Protein chains: 2
Amino acid sequence: MPNPTAAMLVIGDEILSGRTQDSNLHLLSKRLSEVGIDLREARVVPDTEAGISEAVNQLRSRYDHVFTSGGIGPTHDDITSDAIARAFGVALDVREDALQALIAAYPGGRKHLNPERRRMARVPDGAELIANPVSGAPGYTIENVHVMAGVPAVFEAMLGGLLAGLDGGQPVLAKSVRIERPEGEIAKDLGKIARAFPQVSIGSYPYYGDGIPGSNVVVRGTDQASVRQASARVRRLVVPREQ
Amino acid sequence: MPNPTAAMLVIGDEILSGRTQDSNLHLLSKRLSEVGIDLREARVVPDTEAGISEAVNQLRSRYDHVFTSGGIGPTHDDITSDAIARAFGVALDVREDALQALIAAYPGGRKHLNPERRRMARVPDGAELIANPVSGAPGYTIENVHVMAGVPAVFEAMLGGLLAGLDGGQPVLAKSVRIERPEGEIAKDLGKIARAFPQVSIGSYPYYGDGIPGSNVVVRGTDQASVRQASARVRRLVVPREQ
């Protein structure tokens, strides 16, 4: 059975304006490889309700899972939940279990719950909470969409709990081979190996070390024997054949 | 006149598999802010011809510019140019000026030009070359799509030359204010300021320093006076008002 598929949706003006470098995509891509969920696409959209809701609807119809990060805080620019409710056509209300999670996280408890913080307890109808062990305010799963925070420490903590409960597939194995020859020199042989092993993916990534061009070749796949055989063939390219 | 709009398309399995953390989006977003081009969306897609070509066609119809990175090297997994030619419905042929750029970059000149390297001189009909001062193999612009390399040093060098020739708009000014209070405490006042200055964007980004929650607030816009006035109002939130 093929592995489940997934997309990521990164929400936030700060990524597109250059203020912040996103790191959640890199974290998610590594974690999903480990549990055997294939990340097929990622998108970054700004904080607009229409843009978020359109992207969510496109992605959730195409992939088994959609993971979002960002836009679920208490401020005026946190509109992800409004957009998710709109995408699914459901109501968005403050929910008691989400409120309890918030109250438990504030030193002052319920008396610190001003209207802005209460916004973080709004959950689209039919969603299930994702625990936030860092700062209280929960994420949630609605159908196949998992809505999480953008702050990297919170995203990571939410993802840990979430992935423990999802069905994965076969973990992807990867072997890297560093070849101190330019890509143009090994491209033909690499192409032959790729054709001989259609069940693995062979990627080639050039680098320039001290001005000398080299290639990092990565063999990836779920079948251990094929990955091993293909990478053994790749390793033979480290030393040029006699001409 | 509003600023021109743009999208980025990052091409490559290595980003989605977790092998590599993309840095080209962050670089592009900073550079475009400086020249007054609004980056509105980014997508990451794997090395498949159909996926790349579909994304290019969606994005080029929506935005004034599309910037791509990745997939224009000599190996079997470098299929961006095939996908671009397919998206535009034009032929893809080795072109003499691109070939000359490659020959000039190789110490061995023309005799190092094997068939795999010649692939890098294939350019979709009607495109204009983007110089690659790092490693020779050029990028190109076809209509409003700018096709560049994925290796960060090459992407940066290509982008520098390209942006010098594009018409930008008004640079976006940004002022950051660090407020050692949790977002939930300042959210109401921040919302008021955002409503009072609809022409600027006010983003709030929580942080946890030594376990104490704080907020970084960023005021962005093209009108200097509004950005200054709005950020002065934000700075008053640094000290809580007397209750």
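The rules behind these values
- Residues numbered from 1 in each chain as written.
- Chains lettered and ligands numbered in written order.
- Predicted model: local features only at pLDDT ≥ 70, side-chain atom pairs only at ≥ 80, totals over all residues.
- Heavy atoms only, no water.
- Pairing = 2+ DSSP bridges.
- Helix = DSSP H or I, 4+ residues; strand = E, 2+ residues; numbered from the N terminus.
- Axes fitted to C-alpha atoms, helices over the stretch in contact; angles between N-to-C directions.
- Contact = heavy atoms within 4.5 Å.
- Buried area = accessible area lost by both parts, 1.4 Å probe.
- Salt bridge = Lys/Arg side-chain N within 4 Å of Asp/Glu carboxyl O.
- Polar contact = N/O pair within 3.5 Å; in protein donor to acceptor, adjacent residues only side chain to side chain.
- Nonpolar A, V, L, I, M, F, W, Y, C, P; charged D, E, K, R; others polar.
- Buried < 20%, exposed > 50% of the residue type's maximum accessible area, 1.4 Å probe, protein only.
- Least-squares fit on C-alpha atoms with pLDDT ≥ 70 in both.
- 1 Å grid on protein atoms, 1.4 Å probe; cavity = no way out; pocket = protein on both sides within 12 Å on 5 of 7 lines; lining within 4 Å.
- Points joined across faces, edges and corners; volume = space filled by probe spheres on them.
- Core = buried A, V, L, I, M, F, W, Y, C linked by side-chain atoms within 4.5 Å.
- Phe/Tyr/Trp six-rings, centres within 6.5 Å; stacked < 30°, edge-to-face > 60°.
- Lys NZ or Arg CZ within 6 Å of the ring centre and 35° of its normal.
- Parallel < 35°, antiparallel > 145°, perpendicular 65-115°, else oblique.
- Left-handed = near helix turned anticlockwise from the far one by under 90°.

Novice: Run through the sheet that holds strand 10 (residues 201-209) of chain A, naming residues and quoting values.
Specialist: Residues and elements named next belong to chain A. Spatially, 9-11-10 is the arrangement adopted by the three strands of the open sheet, whose pairing is antiparallel. Edge positions in the open sheet fall to strand 9 (173-179) and strand 10, since each of these has one partner strand only. On average, each strand axis in the sheet is tilted by 20° relative to the strand beside it, whichever way the strands run. Pairing geometry for strand 10 and strand 11 (residues 212-221), over nine bridges, is antiparallel. Note on strand 11: the bridge partner recorded for Ser204 is Val217.

Novice: Explain the interface of chain B and chain A residue by residue, including any values.
Specialist: In this assembly, 58 residues from chain B lie in contact with 57 residues from chain A. Buried surface at the junction of chain B and chain A, both sides included, amounts to about 4500 Å², of which 55% is carbon and sulfur. Per-residue buried area on chain B facing chain A is highest for Leu16, Arg19 and His76 of chain B; these three make up 13% of the total on that side. The salt bridge partner of Arg62 of chain A is Glu54 of chain B, with a shortest N-O separation of 2.6 Å. The tally of links between chain B and chain A comes to 18 residue pairs in polar contact (both at pLDDT 80 or more). Counting only elements with at least two residues in the side of chain B that touches chain A, the list comes to helix 1 (13-16), helix 2 (24-35), strand 2 (38-45), helix 3 (49-62), helix 6 (115-118), helix 8 (183-196), strand 10 (201-209) and strand 11 (212-221) of chain B. Among the elements that make up the side of chain B that touches chain A, the one with the highest residue count is helix 8 of chain B (eight residues). Classifying every residue of the side of chain B that touches chain A by side-chain character gives 20 nonpolar, 20 polar and 18 charged. Of the strand pairs in this sheet, strand 2 (residues 38-45) of chain A and strand 2 of chain B are connected by three bridges, and their pairing is antiparallel. Opposite Arg43 of chain A, over in strand 2 of chain B, you have Arg43 of chain B as the bridge partner.

Novice: Which residues make up the pattern of salt bridges, and what values do they have?
Specialist: Side chains bearing opposite charge may pair, as long as their charged atoms lie close to each other. Residues and elements named next belong to chain A. According to the stated counting rule, one finds 20 salt bridges over all chains in the structure shown. The closest approach of N and O atoms between Arg43 and Glu41, which form a salt bridge, is 2.7 Å. Judged on exposure class, the residue Arg43 and its partner Glu41 are both buried. Among the ionic contacts, a cluster of salt bridges with common partners joins Asp82, Arg119 and Arg122.

Novice: Outline the relation of the copies chain B and chain A, supporting the account with residue identities and numerical values.
Specialist: Note on the identical chains: chain B maps onto chain A by a rotation of 180° and an axial translation of 0.0 Å, with an RMSD of 0.0 Å. What the rotation and shift describe, once combined, is the action of a two-fold rotation axis. Across chain B, the rotation axis passes nearest the C-alpha of Arg43 of chain B, at a separation of 2.1 Å. Of all interface residues in chain B, 98% are interface residues in chain A too; the two copies therefore contact each other through one and the same surface.

Novice: Give a description of empty space enclosed by the protein that names residues and reports values.
Specialist: Inspection of every chain in the model, using the stated rule, returns five cavities of 30 Å³ or more. Empty space within the largest cavity amounts to approximately 220 Å³. For the largest cavity, the lining is made up of 18 residues, of which Asp22 and Leu25 of chain A together with Asp22, Leu25 and Val44 of chain B are closest to its centre. At the level of secondary structure, the elements contributing two or more residues to the lining of the largest cavity comprise helix 2 (24-35) of chain A together with helix 2 and strand 2 of chain B.

Novice: Residues and numbers for the nonpolar core, please.
Specialist: In this structure, Phe67 and Leu159 of chain A together with Phe67 and Leu159 of chain B are the most contacted members of the largest nonpolar core, which totals 110 residues. Residues in contact with Phe67 of chain A, not counting those within four places in the same chain, are Ala6, Ala7, Met8, Leu9, Leu28, Leu32, His146, Met148, Leu159, Leu162, Leu163 and Leu166 of chain A.

Novice: Let's hear about the packing of aromatic side chains: which residues, and what values?
Specialist: For the structure shown, the criterion picks out zero aromatic pairs over all chains. The cationic tip of Arg60 of chain A hangs over the ring face of Phe88 of chain A; the distance from NZ or CZ to the ring centre is 3.8 Å.

Novice: Account for unusual backbone geometry, naming residues and giving values.
Specialist: One non-glycine residue, Glu143 of chain A, lies in the positive phi region at around 50°. Looking at the secondary structure, you find Glu143 of chain A in the loop between strand 7 (139-142) and strand 8 (145-148).

Novice: So, the sheet that holds strand 11 of chain B: which residues are in play, and what are the values?
Specialist: Residues and elements named next belong to chain B. The strand order across the open sheet built from three strands is 9-11-10, with neighbouring strands paired in antiparallel fashion. Looking along the sheet, the strands with just one partner apiece sit at the ends: strand 9 (173-179) and strand 10. Sheet twist, expressed as the mean angle between neighbouring strand axes with direction ignored, is 20°. Sheet strands touched by helix 8: strand 9, strand 10 and strand 11. Its angle to strand 10, the strand with the most contacts, is close to 170°.

Novice: Before we move on, could you go through the packing of helix 3 (residues 49-62) of chain A against helix 3 of chain B and cite the residues and values that matter?
Specialist: The interhelical angle for the contact between helix 3 of chain A and helix 3 of chain B, taken along N-to-C directions, is 165°, at an axis separation of 16 Å. In terms of their interaxial angle, helix 3 of chain A and helix 3 of chain B are classed as roughly antiparallel. As helix 3 of chain A packs across helix 3 of chain B, the resulting crossing turns out to be right-handed. Here Glu54, Gln58 and Arg62 of chain A of helix 3 of chain A come into contact with helix 3 of chain B, specifically with Glu54, Gln58 and Arg62 of chain B. Among the residues making up the contact of helix 3 of chain A with helix 3 of chain B, the classes are represented as no nonpolar, two polar and four charged.

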